[in-house]
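So you can see what is in the structure, the chains are spelled out below.
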Amino acid sequence: MEILQPPGWARPRGYANGVAASGRLVCVSGMIGWDAEGVFHTDDFAGQVRQALLNIVAVLKEAGAGPEHIVRMTWYVVDKNEYVAAYKEVGAVYREIIGAHYPAMTAVQVAALVEDRARVEIEVTAVAPDVARAV
């Protein structure tokens, strides 16, 4: 994986401007803050981010990938002010689950998410090592 940083550009904090990678493409649907049974345990923004990231890691594992293979993340939030107010907590949760790996990222405020209780939805593209899977 190669982080793309054009010469003279300010280094972004918490994400990459671009990433180039080769291997097996893994696309993860938007994950929200409910557990494997579809149950929300909190309405707290950072708490929902934690669960969404755990859900992402679980799906990546099914492809033989991990957080270090994520090349792109898109975050959909229903309230950008809530997102900004939770930066510190979200950063701590992110580093705990994803680590010090910062792929290309986009955050977008949306009018609503399909699940009314969801505060955030995160979708991921990863590139896993191109290794034949045992069947």
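Above this text you will find the structure in question.
A brief look at the structure comes next.

Rules used throughout
Residues numbered from 1 in each chain as written. Predicted model: local features only at pLDDT ≥ 70, side-chain atom pairs only at ≥ 80, totals over all residues. Heavy atoms only, no water. Pairing = 2+ DSSP bridges. Helix = DSSP H or I, 4+ residues; strand = E, 2+ residues; numbered from the N terminus. Axes fitted to C-alpha atoms, helices over the stretch in contact; angles between N-to-C directions. Phe/Tyr/Trp six-rings, centres within 6.5 Å; stacked < 30°, edge-to-face > 60°. Buried < 20%, exposed > 50% of the residue type's maximum accessible area, 1.4 Å probe, protein only. Salt bridge = Lys/Arg side-chain N within 4 Å of Asp/Glu carboxyl O.

On to the sheet that holds strand β4 (residues 70-77). Read across the sheet, 4 strands follow the order β3-β6-β4-β5 without closing on themselves; strand pairing throughout is mixed. Of all strands in the sheet, those with a lone pairing partner are β3 (24-31) and β5 (104-109), marking the two edges. Averaged over all adjacent pairs, the angle separating strand axes in this sheet is 10°, with direction ignored. In this structure, β4 lies alongside strand β6 (residues 120-128), joined through 7 bridges in antiparallel fashion. For Tyr76, the partnering residue across the bridge sits in β6 and is Glu121.

Quick look at the packing of aromatic side chains now. In this structure the tally under the stated criterion is 5 aromatic pairs. Ring geometry for Tyr94 and Tyr102: centres 5.6 Å apart, planes at 15°, overall stacked. Of the residues examined, Tyr94 reaches a relative accessible area of 5% and is grouped as buried. Owing to a relative accessible area of 29%, Tyr102 belongs among the partly exposed residues under this scheme.

Take the pattern of salt bridges next. Per the stated rule, a full pass over the model turns up 3 salt bridges. Residue Asp43 pairs with Arg117 through a salt bridge whose shortest N-O separation is 2.5 Å. Here the residue Asp43 occupies a position in the loop between β3 and α1 (45-62), and Arg117 occupies one in the loop between β5 and β6, the gap between them amounting to 74 residues. Between Glu82 and Arg119 there is a salt bridge; the shortest N-O distance is 2.8 Å. Of the two residues, Glu82 is situated in helix α2 (residues 80-85) and Arg119 in the loop between β5 and β6; the sequence distance between them amounts to 37 residues.

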